Amino acid sequence: MKRRAISILLVLCMVVALLPTTTLAVEPTSGTCGENLTWTLDSNGTLSISGSGDMTDYNLSWGIRPPWEDREIIAVIINNGVTSIGNDAFDMCWSLSSVTIPNSVTSIGNSAFSWCDSLTSVTIPDSVTSIGAEAFKWCDSLTSVTIGNGVTSIGSEAFAGCTTLISVTIPNSVTSIGSQAFKGCEGLANVIISNGVISIGEKAFEDCTSLTNVIIPESVTSIGVHSFSGCSSLTDVTILGREVSINWGAFEACSNLTSVTIPASVTSI
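To start, this report covers the structure provided alongside it. Keep in mind that this is a model prediction, so the values were computed, not measured.

Attention shifts here to the layout of surface pockets. Of the voids in this model, the largest pocket is the one considered here, and its volume is about 220 Å³. Around the largest pocket, the lining comprises 16 residues; the ones closest to its centre are Asp-70, Asp-91, Met-92, Cys-93 and Trp-94. Class assignment of the residues belonging to the lining of the largest pocket gives a composition of nine nonpolar, one polar and six charged.

Below, the structure written as structure tokens:
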């Protein structure tokens, strides 16, 4: 009898061993991403965010990750009512090719779209007042960006490494261009800095090797250290500001620079 019980037990163990030991986890296709915000992801890879108020700020370095991380996201539609795009919200969404930002958004967080390799264009509405640090860093397929007339500051490294970006217009609402904001934008051939910008940060346009000419408007009072260094195609610089500080190395290694216009009112370089 004892042997029979042992035999039955062994048979049961064998049956259990043959059963699947794991089940596939079902990834959520919706959830919350702010106190009053919800998100949904459809089968085509379109992520929609709806509701009102600010999006959650994430931090990949601290393990605070967006709920859609590692999902195949092709497009992001942010609906009217959302007031901010959180830090690290779409960082490293490699397949993201388009994003819609409504007029209700007032800020784009740090690293919000960094390393979005497939993103080709972005329109930032007039409602946005600040573009965070590294917001679009290393978006190396980004060829076109429209910066709205409400933006007052462009964060450090905001567009650094966007190697295919061709042209950019800094609107007159912007007062400061952060350090390394456009550093390494090798394809950037045309930059319009509108009157209103007060400071151009350190290395802001360093190594923009396709840039051929630049006009620094009258409003600028500070041209930062190495701000245009390494712009090897730069041939013509016109500085209109009467009381502008030109910091060291501002135009270092601009090997094709042939013409520089500086107002007589400038007393020191």
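On we go.
Before going further, it helps to spend a moment on the pattern of salt bridges. One pass over the full model with this rule turns up four salt bridges. As a salt-bridge pair, Glu-206 and Lys-183 come within 2.5 Å of each other at their nearest N and O atoms. In this pair, Glu-206 is assigned in the loop between strand 15 (199–200) and strand 16 (213–216) and Lys-183 in the loop between strand 13 (176–177) and strand 14 (190–193), connecting sequence segments 23 residues apart. The class of Glu-206 is buried, set by a relative accessible area of 11%. One salt bridge connects Asp-207 with Lys-183, and the closest N-O pair in it is separated by 3.7 Å. Taken as a pair, Asp-207 in the loop between strand 15 and strand 16 and Lys-183 in the loop between strand 13 and strand 14 lie far apart in primary sequence, 24 residues in all. Salt bridges sharing common partners tie together Lys-183, Glu-206 and Asp-207.

The subject of this paragraph is the packing of aromatic side chains. Following the criterion strictly, the structure yields 12 aromatic pairs and no others. Taking the centre distance of 5.7 Å and the plane angle of 75° together, the rings of Trp-39 and Trp-68 count as edge-to-face. Of this pair, Trp-39 sits in strand 2 (residues 37–41) while Trp-68 sits in the loop between strand 3 (46–51) and strand 4 (75–78), placing them 29 residues apart in sequence. For Trp-39, a relative accessible area of 1% puts it in the buried group. By relative accessible area, which is 1% here, Trp-68 ends up buried. Measuring from centroid to centroid gives 6.1 Å for Tyr-58 and Trp-68, while their planes differ by 75°, and the two rings are edge-to-face. With a gap of 10 residues between them, Tyr-58 in the loop between strand 3 and strand 4 and Trp-68 in the loop between strand 3 and strand 4 connect regions that are remote in the sequence. Here Tyr-58 falls in the buried class, since its relative accessible area comes to 8%.

Basis of the calculations
- Residues numbered from 1 in each chain as written.
- Predicted model: local features only at pLDDT ≥ 70, side-chain atom pairs only at ≥ 80, totals over all residues.
- Heavy atoms only, no water.
- 1 Å grid on protein atoms, 1.4 Å probe; cavity = no way out; pocket = protein on both sides within 12 Å on 5 of 7 lines; lining within 4 Å.
- Points joined across faces, edges and corners; volume = space filled by probe spheres on them.
- Nonpolar A, V, L, I, M, F, W, Y, C, P; charged D, E, K, R; others polar.
- Salt bridge = Lys/Arg side-chain N within 4 Å of Asp/Glu carboxyl O.
- Helix = DSSP H or I, 4+ residues; strand = E, 2+ residues; numbered from the N terminus.
- Buried < 20%, exposed > 50% of the residue type's maximum accessible area, 1.4 Å probe, protein only.
- Phe/Tyr/Trp six-rings, centres within 6.5 Å; stacked < 30°, edge-to-face > 60°.

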